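Descriptive structure summary
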Amino acid sequence: MSSCSFTPAAFLLTLGLLGAADSARAQTQPSVPAAAQPIGLASDSLTLGATVQAVLDANPGIANLTELSNAASSRLAQTQSGFLPQVTGTATYTRIDPVVKLPFNGEVLQFAPNNNYDFHLTAQYLLLDFGKNAATVRVAESQVQTAQDNITVARRDLAFNAAQVYYNILFMRESIRVQNQQIASLQAHRNEMEKRVQGGVSTRFDVTTTDVRITQAQNTKLDLENQLRNQQVQLARLLHKPAQADIPVKGNLTYAPQTVDLAAEIAKATENRPEVKLARDAEKTAELQARLIEKSDLPTLGVGAQVGGKNGYILPDIDRIRFNTVGVVQLSVPIYDGGRNKKQRVEAAATSRAALARTQDTQEQIRADVRQAVNNMEFSQARLANAEQQVAQASDALTRAQGRYRYGVGQNLDVLDAETQLAQARLARAQAMYNYTLGQYQLRRATGEQIWQ
């Protein structure tokens, strides 16, 4: 899950504090929002895909897991070397003092040289181990697969975090655009009231009241700008660019509905989620480890050969280095290990049962993740439809309030409240779009699909 604590619902509450709005007496009428440019941004450059890819490329955690996977592959190669012969070269010098010397026919016989030299090559080869080394290789192969699946999980989670921050930025920009619309509309209304004051048909109190609302709207805009900056800092952290807080992104908050088949999505998740693969990896590793333990108390049969040269063989020329060979066949049979193998089998069986239980729990969690993502999408879609209706109603209410005020049969407070209601409805629409879009990415994450396409 994302580490970001951003909650768009807080902004609806912030806007709600601007003032209580009267109930809208409206007929449905399409609204045409005014165009406004996002503030505080450099030239756009990062799309969603580019943002996610840049975050994946910059994150050292992925590099760490990649190196761990490389280490697991190296261990696999080490275990595979057990099928090959082992050749060792050895050179030894030994000085012995004193040595046995006996007088014989006026000479002194020395039975061992003082300086002993031994040079030889030794080759060893395991002929038969009843599958013990093959079982070790299979365990190492399973560990390599686990390391690779860990990379997949980390990349998926990091990509989702990047996508969430990306859409947080788009949502904040859309919220600021909505606030700019409200401020521009309030300022236009104030200008009209100034003319009415000069004409003697309105009081300065109405102008002052509108100024208060404009200031409140500007304060809300400052809060939104601060939240936008914080999201840009969060993106900079994901990109590991602490010296560059403002990371420009490209795009707009849009609504692209999709048809969802819950049963099909659950089946897809059960097949594709990397967590399921990790759980199955753990099951397989536990099973292979149990087989390896079963074979660890079986005998082994090996052969060896040694060729080289050493001195100290034949009197009286004991210092002469002579060629020599050695051949050996060795059978090793475990007889008693103090019950260690039996206890290892008990441990392996418990580990296997734990891995199986983990797989079952993971599958249940995955089904719950899919259902929650689908529920979020459905409710966000319903709230978006409701928000669209609210925008139309609030736009109509504002038009009517402005008309009534212009003809002297309405109050300025009605216009200000209608402005606030329209801003709230537009922000509710943006939030519903944000929630639905984020729900789509939550569903992709839940089913194991690629976060961006």
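Scoring rules and cut-offs
Residues numbered from 1 in each chain as written. Predicted model: local features only at pLDDT ≥ 70, side-chain atom pairs only at ≥ 80, totals over all residues. Heavy atoms only, no water. UniProt positions renumbered as here; feature names shortened; annotations may be inferred. Helix = DSSP H or I, 4+ residues; strand = E, 2+ residues; numbered from the N terminus. Buried < 20%, exposed > 50% of the residue type's maximum accessible area, 1.4 Å probe, protein only. Contact = heavy atoms within 4.5 Å. Areas by Shrake-Rupley, 256 points an atom, 1.4 Å probe, with all protein chains shown as cover. Pairing = 2+ DSSP bridges. Core = buried A, V, L, I, M, F, W, Y, C linked by side-chain atoms within 4.5 Å. Axes fitted to C-alpha atoms, helices over the stretch in contact; angles between N-to-C directions. pLDDT = per-residue confidence, 0-100. Parallel < 35°, antiparallel > 145°, perpendicular 65-115°, else oblique. Left-handed = near helix turned anticlockwise from the far one by under 90°. Nonpolar A, V, L, I, M, F, W, Y, C, P; charged D, E, K, R; others polar. Phe/Tyr/Trp six-rings, centres within 6.5 Å; stacked < 30°, edge-to-face > 60°. Lys NZ or Arg CZ within 6 Å of the ring centre and 35° of its normal. Polar contact = N/O pair within 3.5 Å; in protein donor to acceptor, adjacent residues only side chain to side chain.

If you check an unreviewed UniProt entry, the protein appears there as TolC family protein from Hymenobacter ruricola. Its UniProt record gives the protein a comment under Sequence similarities (unreviewed entry), which states: "Belongs to the outer membrane factor (OMF) (TC 1.B.17) family."

Along its length, the protein carries nine helices and six strands. Counting only residues that meet the buried cut, the protein has 40% of its 453 residues in that class. In the protein, of all internal contacts separated by at least 6 residues, the share reaching a separation of at least 24 is 83%. Of the roughly 24,700 Å² of accessible surface on the protein, 54% is carried by carbon and sulfur atoms.

Let's shift gears to unusual backbone geometry. Cis geometry is adopted by the peptide bond preceding P98, which originates at D97 and carries an omega value of -10°. For P98, the location among the structural elements is in the loop between β1 (86–95) and β2 (101–104). Phi angles above zero are rare outside glycine, and F130 is one such case at about 60°. Positionally, F130 belongs in the loop between β4 (115–128) and α4 (132–199).

Next up on the list: the pairing of strand β5 (residues 300–310). Here β4 runs beside β5; their pairing, made up of ten bridges, is antiparallel. Among the inter-strand pairings, D118 is bridged to a residue of β5, identified as K310. With eleven bridges joining them, β5 and strand β6 (residues 322–332) adopt antiparallel strand pairing. In the sheet register, L301 faces β6, and the bridge partner there is L331.

Turning to the nonpolar core, a few remarks are in order. By size, the foremost hydrophobic cluster in this structure holds 37 residues, and its most contacted members are L48, V55, Y167, F171, L235, V249 and L253. Here this core gets 13 residues from one element, more than from any other, and that element is α4. Setting aside residues no more than four positions away along its own chain, Y167 makes contact with L48, L253, Y434, T437 and Y441. If you look at the next biggest cluster of nonpolar residues, it comprises twelve residues, including M193, V391, A418 and A425.

Moving on to the sheet that holds β5. Hydrogen bonding along the main chain pairs the strands of a sheet, whether they run parallel or antiparallel. Across the sheet, four strands lie side by side as β1-β4-β5-β6; this open sheet has antiparallel pairing. Since the sheet does not close on itself, it has two edges, and those belong to β1 and β6, each with one partner. Between one strand and the next, the sheet's axes are offset by a mean angle of 20°, whatever the strand orientation.

What follows deals with the UniProt feature "coiled-coil region" (unreviewed entry) in the protein. UniProt tags residues 137–241 and 370–404 as "coiled-coil region" (unreviewed entry). End C-alpha atoms of residues 370–404 are separated by 50 Å, and the span's content is 100% helix alongside 0% strand.

What follows deals with the confidence of the model for the protein. With 88% of its residues at a pLDDT of at least 70, the protein reaches an overall mean of 82. Per-residue pLDDT, averaged within each element of the protein, yields its smallest value for helix α1 (residues 9–16) (40) and its largest for β1 (93). Here residues 1–44 scores under 50 on pLDDT; set against residues more than four positions off or in separate chains, the count is 97 contacts.

This part covers the packing of helix α8 (residues 340–406) against helix α9 (residues 412–447). The N-to-C vectors of α8 and α9 enclose an angle of 160°; their axes lie 7 Å apart at closest approach. Considering the angle they form, α8 stands roughly antiparallel to α9. Considering only the axes of α8 and α9, their crossing is left-handed. Among the residues forming the contact of α8 with α9, the class breakdown is 23 nonpolar, 13 polar and seven charged.

What follows is about the packing of aromatic side chains. For the coordinates displayed, the defined rule picks out five aromatic pairs. When the ring of Y93 is compared with that of Y117, the centres are 5.2 Å apart and the planes differ by 40°; the resulting orientation is tilted. Here the residue Y93 occupies a position in strand β1, and Y117 occupies one in strand β4, the gap between them amounting to 24 residues. The interplanar angle of 40° and the centroid separation of 5.3 Å between the aromatic rings of Y167 and Y441 together place this pair among those described as tilted. With a gap of 274 residues between them, Y167 in helix α4 and Y441 in helix α9 connect regions that are remote in the sequence. Y167 sits in the buried class, given a relative accessible area of 11%. For Y441, a relative accessible area of 7% puts it in the buried group. Ring pairing ties together the aromatic residues Y166, Y167 and Y441, which thus form one cluster. Geometry around Y441 places R444 over its ring, the cationic atom sitting 4.9 Å from the centre. Over the face of the ring belonging to F160 we find R445, whose NZ or CZ atom lies 5.5 Å from the ring centre.

This part takes up the side chain of T437. Along the chain, the position of T437 falls in helix α9. At a separation of 2.9 Å, a polar atom in the side chain of T437 contacts the main-chain carbonyl oxygen of M433. Not counting residues within four places of it along the chain, the set of residues in contact with T437 comprises Y167 and T254.

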